[in-house]
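Here's the letter readout for the chains.
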Amino acid sequence: MTDYFEIHERDSAARVGELRLADSVTTPALVDDVDTETPGDCRHVLDDAGSRWPTEQDAPDGDDSLLTVLPHRGLPAGTPDEVAEAFAVDYPDVSFPSAAVVSSDTATDHGSDAYVLAGAPGYVGHASAFVDAVSTVREAIPADTALYLPGVATPRNVATLVYAGVDLVDPDRAVVRGTEGRYLTTDEAYFLEDLDELPCACPACQQPRDEFDREDCVEHNVNALAAELRRVRRRIRDGRLRDYIEGQARQDNWLTATFRRLDQQYSYLEERTPLIRRADLSAASDDSLRRVEIQRFAERVTDRYVPRFDDRPLVLVPCSARKPYSDSQSHKQYHDAIKWRAHVVSMTSPIGVVPQELELTYPAQHYDSVVTGNWTATEIEFVSRVLERYLEGTDYPEIIAHIPGEGYRDICERVADSLGREFTYTVTDHPTTADSLGNLAAELEGWDRYPKREREHNTIRAVADYQFGAGAGDELFDDLSTQGRYPQLRADDADGEQLAALAQQYGVLSLTTAGARRWVESDVHTKTVEIEPFVPHGSVLAPGITDASDDIRVGDDVVIRGDAAFGVGRAQMSGPEMQSSTRGIAVQMRHVDEQ
Ligand SMILES: [Zn+2]
């Protein structure tokens, strides 16, 4: 049971939380021992009772203004499991804010508010050992507890530490490096004597260079670390830490290796990555292709989405900088030539392929990429793979590639070859010239346009497949009638009862209770949150939850069920987090029926 720690914001494995001491601490935070006098911006809230072991074996007194590190035994790295177990400490159940010391082998829920990773400095420079240790401990302890990594943080590495799931760090390493004459910045560890001028404007650096000594260097290092943490907290709140990491981690090879290694721990990151976000994602390198948001979209388009227009030609078009694509000048020109006679799918890096029905769905209208006109080999490989998987199992009578040369053409030729299908190319020089558009229109000669109703129905069903799972579009919306004007669509049943609305900002469906009941009655797996017998209004807090589906992600529509209520809302935590948390808002309710 966590009494003194709560998560407020989540951005992949990184979180902004609150250590609820008498004077609360916003995490990720720089904390230090209450007895030390580290210069610079740091919270002195740690009381390490461990140092008193074993002379004082009783539980420490504790204090709600401090985070007390419970008595523990420091065992050297490599201690055999059976020895470690024999010496394992039974952590007392205490009523004050406490932290238990664990290793990646022994981590388990001790009922503490925070956990200290033993031997943490040993992981510096070792990407896979670090990622394994942090993810293993994170998975073993409840979500609403803080993970403290002592003796590791520097201004350069702290963003990556937090990205991996660390909540608390201390200034130890920055202090030691300062006393050794190393001047730390977010990109380097300079020898102080090599610096002609100080590349910083913190208070410690506001003095003549020749008067700046190692003591000042210590103070600067701690300031630089604290400043970087402020930046990281801002990034998490904005949902944009990953964009920063892709640049920042480049400053040190082991950090680059660390975040790539984390990308390989896909399920660890996927569970913690929201389904939708307000912020745009910036795709600036091949590393962006491995982001959860990108992989998840490609996976759902190829596994869940069903092309309902494949009884007519497919037109592949290039993406546009303006989103949604249909608002762009170029796509309006394609549309004037196509006139609803073909299914339009946009090809794009980093997303892969975007069927017209999913152009609003996160992140299809929420990304910004670096446009050079050239594709990297990795981009070509990725988009080819997604396009090929998309086309497998479709029955389009004709595939028209209305795309420019270079990367697009390479991808189409590669996929045409691999699938043994013929593509018709309609662009002579550029996709928007009169010649090219004329070719495109001529190619669609003889096909009639599909009605607006079919477009709208297929959009609702496609989003349902994407969001709720394969088959959901047909199961939940078999007798469908749409109201409103795209993109503000409402989905009703044949009798006019509203089932859902398309949320224009994220391109997902917001269900009504009638829609939620259909989900429960369907054969599609329902993401469900079971609650105690009460009627939730506004939100459901974690302590009121008795069970939750494992596959719930932040931003998912979820069904809320209890003896007193049936409702629907949007998840603010993942399912596993709901199961293990004792604090925090788990679901924002949209509609509830008392029963
Ligand atoms: Zn400074």
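Please refer to the structure higher up on the page.
Keep in mind that this is a model prediction, so the values were computed, not measured.

## Structural notes on unusual backbone geometry
Excluding glycine, residues mostly have negative phi values, and the peptide bonds linking residues are mostly trans.
Part 1: The step from Thr27 to Pro28 runs through a cis peptide bond, and the omega angle for that step is 0 degrees.
Part 2: Here the bond from Ser349 into Pro350 is cis, since omega is 15 degrees, no more than 30 degrees from zero.
Part 3: In this structure, Pro350 sits in the loop between strand E15 (343-348) and strand E16 (352-355).
Part 4: Its identity as a non-glycine residue notwithstanding, Ser12 has a phi of 55 degrees, on the positive side.
Part 5: Mapped onto the fold, Ser12 is located in the loop between strand E1 (5-11) and strand E2 (14-19).
Part 6: One non-glycine residue, Lys339, lies in positive phi territory at about 50 degrees.
Part 7: Tracing the chain through its elements places Lys339 in the loop between helix H10 (329-338) and E15.
Part 8: Lys339 sits in the partly exposed class, given a relative accessible area of 40%.

## Concerning the coordination of the zinc ion
Part 1: All of the protein donors around the zinc ion are Cys200 (SG), Cys202 (SG), Cys205 (SG) and His220 (ND1); their distances to the metal are 2.1 to 2.3 Å.
Part 2: Ordering the donors of the zinc ion by residue number gives the pattern C-x1-C-x2-C-x14-H.
Part 3: Cys200 gets classed as partly exposed once you look at its relative accessible area, which sits at 25%.

## What to know about the packing of aromatic side chains
Part 1: Under the defined criterion, the tally for this structure stands at 9 aromatic pairs.
Part 2: Ring geometry for Phe130 against Trp254: centres 5.7 Å apart, planes inclined by 90 degrees, an arrangement best described as edge-to-face. A residue pair is termed long-range when its members are at least 10 positions apart, and Phe130 in helix H2 (residues 127-140) and Trp254 in helix H7 (residues 253-264) qualify at 124 residues. When sorted by exposure, Phe130 lands in the same class as Trp254, which is buried.
Part 3: Judged by centre distance (4.8 Å) and plane angle (75 degrees), the rings of Trp375 and Tyr408 are edge-to-face. Here Tyr408 lies in helix H12 (residues 407-419) and Trp375 lies in the loop between strand E17 (367-369) and helix H11 (377-391), a separation of 33 residues in the sequence.
Part 4: We classify Tyr408 as buried; its relative accessible area is 9%.

## Focus: the sheet that holds E16
Part 1: As summarised here, the arrangement of the 5 strands in space is E16-E15-E14-E18-E19, forming an open sheet in which the pairing is mixed. In this open sheet, the two strands that pair with only one neighbour each are E16 and strand E19 (423-425). Neighbour-to-neighbour, the strand axes of this sheet turn through a mean angle of 30 degrees, independent of strand direction.
Part 2: Judged from the 3 bridges that link them, strand E18 (residues 399-401) and E19 form a sheet pairing that is parallel. What sits directly across from Ile399, in E19, is Phe423.
Part 3: H11 rests against strand E14 (314-318), E15, E16, E18 and E19 of the sheet, and its axis sits at about 45 degrees to E16.
Part 4: Those strands touched by H12 are E14, E15, E18 and E19, and its axis lies near 155 degrees from that of E19.

## Brief notes about the pairing of strand E21 (residues 488-493)
Part 1: Sheet analysis places strand E20 (residues 480-485) next to E21, joined by 6 bridges and oriented antiparallel. Bridge assignment links Leu480 to a residue of E21, and that residue is Asp493.
Part 2: As consecutive antiparallel partners, E20 and E21 are separated by 2 residues.
Part 3: In terms of strand pairing, E21 meets strand E22 (residues 498-503) through 3 bridges, oriented antiparallel. Counterpart to Asp492 in the pairing with E22 is Gln498.
Part 4: Where E21 folds back onto E22 in an antiparallel hairpin, the turn is made up of 4 residues, including Gly496, whose phi is positive at roughly 90 degrees.

## Here we look at the packing of helix H4 (residues 172-179) against helix H5 (residues 214-238)
The relative placement of two packed helices comes down to the angle between their axes together with the axis-to-axis distance.
Part 1: Between H4 and H5, the least distance of the axes is 8 Å, while the angle of their chain directions is 150 degrees. Taken together, the axes of H4 and H5 are roughly antiparallel relative to one another. Judged by the twist between their axes, the crossing of H4 over H5 is right-handed. Facing H4, whose interface residues are Ala174, Val175, Arg177, Gly178 and Thr179, H5 presents Arg214, Cys217, Val218, Asn221, Val222 and Leu225.
Part 2: Among the residues making up the contact of H4 with H5, the classes are represented as 6 nonpolar, 3 polar and 2 charged.

## Overview of empty space enclosed by the protein
Part 1: Going through the model one piece at a time under the given rule, you end up with 2 cavities of 30 Å³ or more.
Part 2: Reported here for the largest cavity is a volume of approximately 70 Å³.
Part 3: Lining the largest cavity we find Ser12, Tyr163, Arg242, Asp263, Leu269, Thr273, Arg277, Arg291, Val292 and Glu293.
Part 4: Considering only residue class, the lining of the largest cavity consists of 3 nonpolar, 2 polar and 5 charged.
Part 5: Taken domain by domain, the makeup of the lining of the largest cavity includes at least three residues from each of domain 1 (5-180 + 226-271) and domain 2 (281-444).
Part 6: Its boundaries defined by the atoms lining it, the second largest cavity holds a volume of some 40 Å³.
Part 7: Every residue lining the second largest cavity is listed: Leu70, Pro92, Asp93, Val94, Ser98, His110, Gly111 and Ser112.
Part 8: Class assignment for the residues of the lining of the second largest cavity results in 3 nonpolar, 4 polar and 1 charged.

So, how was this worked out
Residues numbered from 1 in each chain as written. Predicted model: local features only at pLDDT ≥ 70, side-chain atom pairs only at ≥ 80, totals over all residues. Heavy atoms only, no water. Helix = DSSP H or I, 4+ residues; strand = E, 2+ residues; numbered from the N terminus. Buried < 20%, exposed > 50% of the residue type's maximum accessible area, 1.4 Å probe, protein only. Donors = N, O, S within 2.8 Å, 3.2 Å for Na, K, Ca; no water. Phe/Tyr/Trp six-rings, centres within 6.5 Å; stacked < 30°, edge-to-face > 60°. Pairing = 2+ DSSP bridges. Axes fitted to C-alpha atoms, helices over the stretch in contact; angles between N-to-C directions. Contact = heavy atoms within 4.5 Å. Parallel < 35°, antiparallel > 145°, perpendicular 65-115°, else oblique. Left-handed = near helix turned anticlockwise from the far one by under 90°. Nonpolar A, V, L, I, M, F, W, Y, C, P; charged D, E, K, R; others polar. 1 Å grid on protein atoms, 1.4 Å probe; cavity = no way out; pocket = protein on both sides within 12 Å on 5 of 7 lines; lining within 4 Å. Points joined across faces, edges and corners; volume = space filled by probe spheres on them. Domains from an automatic or database assignment.

All quantities given are derived from atomic positions and should not be read as evidence of function.
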